[in-house]
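Chain by chain, the residues run as shown.
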Amino acid sequence: MKTKKKTHSQPKPEKNSAVTSRQVAELAWELGEPLCAAEGLELIHVEYQREPAGWVLRLFIEKPGGVGVEECSRVSRQLGDLLDLKLDTDVSYTLEVSSPGPQRPLSKKADFDRFTGEMARIRTRQALGGQKNFKGLLAGTADDAVRLTLDCETIEIPYQEITKARLTNYHGDDKC
C-alpha cells in the first residue's frame, strides 16, 4: 500500500542544499523509527535517491498482518511535519511511505536471519568472486557476513559490502 505522495517544496531562505543523501536518509530513519514504533509499526527501510521525476524519500513500514493506507498516511503526515522542521535543505523531494511489497528490502542484519530460506537479490560494493550481483536462498548469517546459497554452493558476503538487498517474490508470513 502506498500513500498519496507529499511533495515538500517550500524552500526556506535559511536552509541549504549541502545535506548529503546519506544524511537525509539517516535523519528520516532517526525521526521515523520512534514514530513508527509509537504507531505499532516497524520501520524496515529508508532510501533517498534521485529519480526521473526528482528526489524521492521513500520509507517502507510493516506490521504483522500487513500495513494499510491509513497507517501509511498517518506516518507520512507526521514524518513530513517533522522533516519540515528538522531537515536543513532547500531541495524539493517527494515523501513516500508504503508497505514493502514482494520485493521487500533487507536493511538490518537481523533481516538476513529472519528471512532464512527466502529468495533474495544482493548487490555488493566490490566484486566478490568476479561479480557484484547475487541471487539465491538466504542461509542466515555468520559473524559479520550474510550466507547465501547459489545453486549448490553457499557463499558468505561481508555485511559491510552489501549496498542493496531485497527479497524476491515475498508475500508475507501467510504466503497466500
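Coordinates for the structure precede this section.
Counting restarts for each chain: residues are numbered from 1 in the order of the written sequence. With the structure being a predicted model, the display of local features is reserved for residues of pLDDT at least 70 and the display and counting of side-chain atom pairs for 80 or more, all residues being used for whole-chain, interface and lining totals. No hydrogens and no water enter the side-chain calculation; it runs on all heavy atoms of the structure.

Thoughts on the pattern of salt bridges
Then step 1. Here a salt bridge means any side-chain nitrogen of Lys or Arg lying within 4 Å of a carboxyl oxygen belonging to Asp or Glu. Counted by the stated rule, this structure contains 14 salt bridges.
Then step 2. In this structure, Arg-74 engages Glu-39 in a salt bridge whose closest nitrogen and oxygen atoms are separated by 2.8 Å. Here Arg-74 is found in helix H2 (residues 69-86), whereas its partner Glu-39 is found in the loop between helix H1 (21-38) and strand S2 (42-51), with 35 residues between them in sequence.
Then step 3. Buried, partly exposed and exposed residues are distinguished by accessible area as a fraction of the type maximum, computed with a 1.4 Å probe on protein chains only: under 20%, between the cut-offs, and over 50%, respectively. Residue classification places Arg-74 among the partly exposed positions, given a relative accessible area of 28%.
Then step 4. A residue is classified by how much of its surface remains accessible, and Glu-39, at 27% relative accessible area, is partly exposed.
Then step 5. Across the salt bridge formed by Asp-111 and Arg-104, the nearest N and O atoms sit 3.7 Å from each other. You'll find Asp-111 and Arg-104 in the same group, each marked buried.
Then step 6. By sharing partners, the salt bridges in this structure join Glu-42, Glu-62, Arg-104, Lys-108, Asp-111 and Arg-114 into a single network. Put simply, DSSP H or I for four residues or longer makes a helix, DSSP E for two residues or longer makes a strand, and each gets a number counted from the N terminus.

What about the environment of Arg-123?
Then step 1. Turning to its location among the elements, Arg-123 is positioned in strand S5 (residues 119-128).
Then step 2. Along the backbone, Arg-123 and Lys-135 are 12 residues apart, and their C-alpha atoms lie at a distance of 9.0 Å.
Then step 3. Setting aside chain neighbours within four positions, we find Arg-123 in contact with Lys-132, Asn-133, Glu-161, Ile-162, Thr-163 and Lys-164. Any pair of residues with heavy atoms lying within 4.5 Å of one another is described as a contacting pair.

Side note on the nonpolar core
The nonpolar side chains of a soluble globular protein tend to be buried, and buried together.
Then step 1. The biggest cluster of nonpolar side chains holds 23 residues, and the ones touching the most others in it are Leu-57, Leu-59 and Ile-61.
Then step 2. Contributing elements (two or more residues each) for this core: H1, S2, strand S3 (54-62), H2 and strand S4 (93-98).
Then step 3. Among the elements that take part in this core, H1 stands out by supplying seven residues, more than any other.
Then step 4. In this structure Leu-59 touches Leu-43, His-45, Val-46, Leu-79, Leu-95, Glu-96, Val-97 and Ser-98, once residues within four positions along its chain are discounted.
Then step 5. The next biggest cluster of nonpolar side chains, apart from the first, holds 16 residues, and it includes Phe-112, Ile-122, Val-146 and Ala-165. We define a nonpolar core as any set of buried Ala, Val, Leu, Ile, Met, Phe, Trp, Tyr and Cys residues linked to one another through side-chain atoms lying within 4.5 Å.

Brief notes about the sheet that holds S5
Then step 1. For two strands to pair, DSSP has to find at least two bridges joining them. The strand order S8-S7-S6-S5-S9 describes an open sheet built from five strands, whose pairing is antiparallel. For this open sheet the edge positions go to strand S8 (153-158) and strand S9 (162-167), each flanked by a neighbour on one side alone. If you compare each strand with its neighbour and ignore which way they point, the axes differ by 45° on average.
Then step 2. Pairing of strand S7 (residues 145-150) with S8, which is carried by six bridges, proceeds in the antiparallel orientation. Within S8, the residue paired with Thr-149 across the bridge is Thr-154. Lines are fitted to the C-alpha atoms to define the axes, a helix being fitted only along its stretch in contact, and any angle between axes, read from their N-to-C directions, falls within 0 to 180 degrees.

Overview of the pairing of S3
Then step 1. Within S3, eight of the nine residues are buried, which leaves the element mostly enclosed by the surrounding structure.
Then step 2. The pairing of S2 with S3 spans nine bridges and is antiparallel. When the sheet's bridge partners are listed, Arg-50 is paired in S3 with Trp-55.
Then step 3. With six bridges joining them, S3 and S4 adopt parallel strand pairing. Counted as the bridge partner of Leu-59 is Val-97 from S4.
Then step 4. Orient the strands so they point away from the viewer, and a crossover whose first-strand-to-second-strand path over the helix runs clockwise is right-handed. Taking the sense of rotation as the criterion, the β-α-β connection linking S3, H2 and S4 turns out right-handed.

Some thoughts on the packing of aromatic side chains
Then step 1. Whether two aromatic rings pair depends on their centres lying within 6.5 Å, for rings of Phe, Tyr and Trp, where Trp uses its six-membered ring; planes under 30 degrees apart make the pair stacked, over 60 edge-to-face, and the rest tilted. Applying the stated rule across the entire model yields three aromatic pairs.
Then step 2. Ring geometry for Tyr-48 against Tyr-93: centres 6.4 Å apart, planes inclined by 80°, an arrangement best described as edge-to-face. In this pair, Tyr-48 is assigned in strand S2 and Tyr-93 in strand S4, connecting sequence segments 45 residues apart.
Then step 3. Since its relative accessible area comes to 12%, Tyr-48 is described here as buried.
Then step 4. With 6.1 Å between their ring centres and 80° between their planes, Phe-112 and Tyr-159 make a pair best called edge-to-face. In this pair, Phe-112 is assigned in helix H3 (residues 109-114) and Tyr-159 in the loop between S8 and S9, connecting sequence segments 47 residues apart.
Then step 5. For Phe-112, a relative accessible area of 1% puts it in the buried group.

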